[in-house]
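Tertiary structure, described
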Amino acid sequence: MIAGPVLAEDGGNIMAHLFQDYLIKAGIVVGLAVLVLIAMVIIWKKVGSRK
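Below: a short report on this structure. Just so it is clear, the model here is predicted, and its values are computed rather than measured.

**Points about the overall build of the chain**
- Of regular secondary structure, the chain possesses 1 helix and 0 strands.
- Out of the 51 residues belonging to the chain, those deemed buried represent 0%.
- With an accessible surface of roughly 4,900 Å², the chain has 77% of that area assigned to carbon and sulfur atoms.

Shown next as structure tokens:
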């Protein structure tokens, strides 16, 4: 009888941990994408100003 709630709680913790992990990875990916976009815009503007 005790194993049920303990397992449910553990499952919740695992899900929360996975979700946190996913959010951190998503944040890194979004951050890198933004940096790449900014770099591309800067390079594009420099190339455009050379013409």
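So that's the structure; there's more coming.
**Re the pattern of salt bridges**
- Overall, the coordinates contain 1 salt bridge when judged by the stated rule.
- The partner of Lys 25 in a salt bridge is Asp 21, and the shortest N-O contact between them spans 3.6 Å. Of the two residues, Lys 25 and Asp 21 both sit in helix α1 (residues 3–50), 4 residues apart, roughly one turn of that helix.
- For Asp 21, a relative accessible area of 32% puts it in the partly exposed group.

**Quick look at a nonpolar patch on the surface**
- Taken together, Ile 24, Ile 28, Leu 32 and Leu 35 make up a surface patch of nonpolar side chains, about 410 Å² in accessible area.
- Examined against the element boundaries, Ile 24 turns out to sit in helix α1.

The rules behind each value
Throughout, a residue's number is its position along its own chain's written sequence, starting from 1. For a predicted model such as this one, the threshold for reporting local features is a pLDDT of at least 70, and the threshold for listing and counting side-chain atom pairs is 80 or more; totals across whole chains, interfaces and linings nevertheless cover every residue. Neither water nor hydrogens contribute to the side-chain values; these are computed over all heavy atoms in the structure. Helix and strand assignments follow DSSP, with helices taken as H or I runs no shorter than four residues and strands as E runs no shorter than two, numbered in order from the N terminus. Between buried and exposed lies partly exposed: a residue is buried under 20% and exposed over 50% of the maximum accessible area for its type, with that area taken using a 1.4 Å probe on protein chains only. To measure how exposed things are, a 1.4 Å probe is used in the Shrake-Rupley method; for residues, cover is taken only from the protein chains shown. Salt bridges are defined by distance alone: a side-chain nitrogen of Lys or Arg within 4 Å of a carboxyl oxygen of Asp or Glu. Residues forming no salt bridge and having over 30% relative accessible area are the ones grouped into patches, like charges within 9 Å of each other and nonpolar side chains (Val, Leu, Ile, Met, Phe, Trp, Tyr) within 5 Å.

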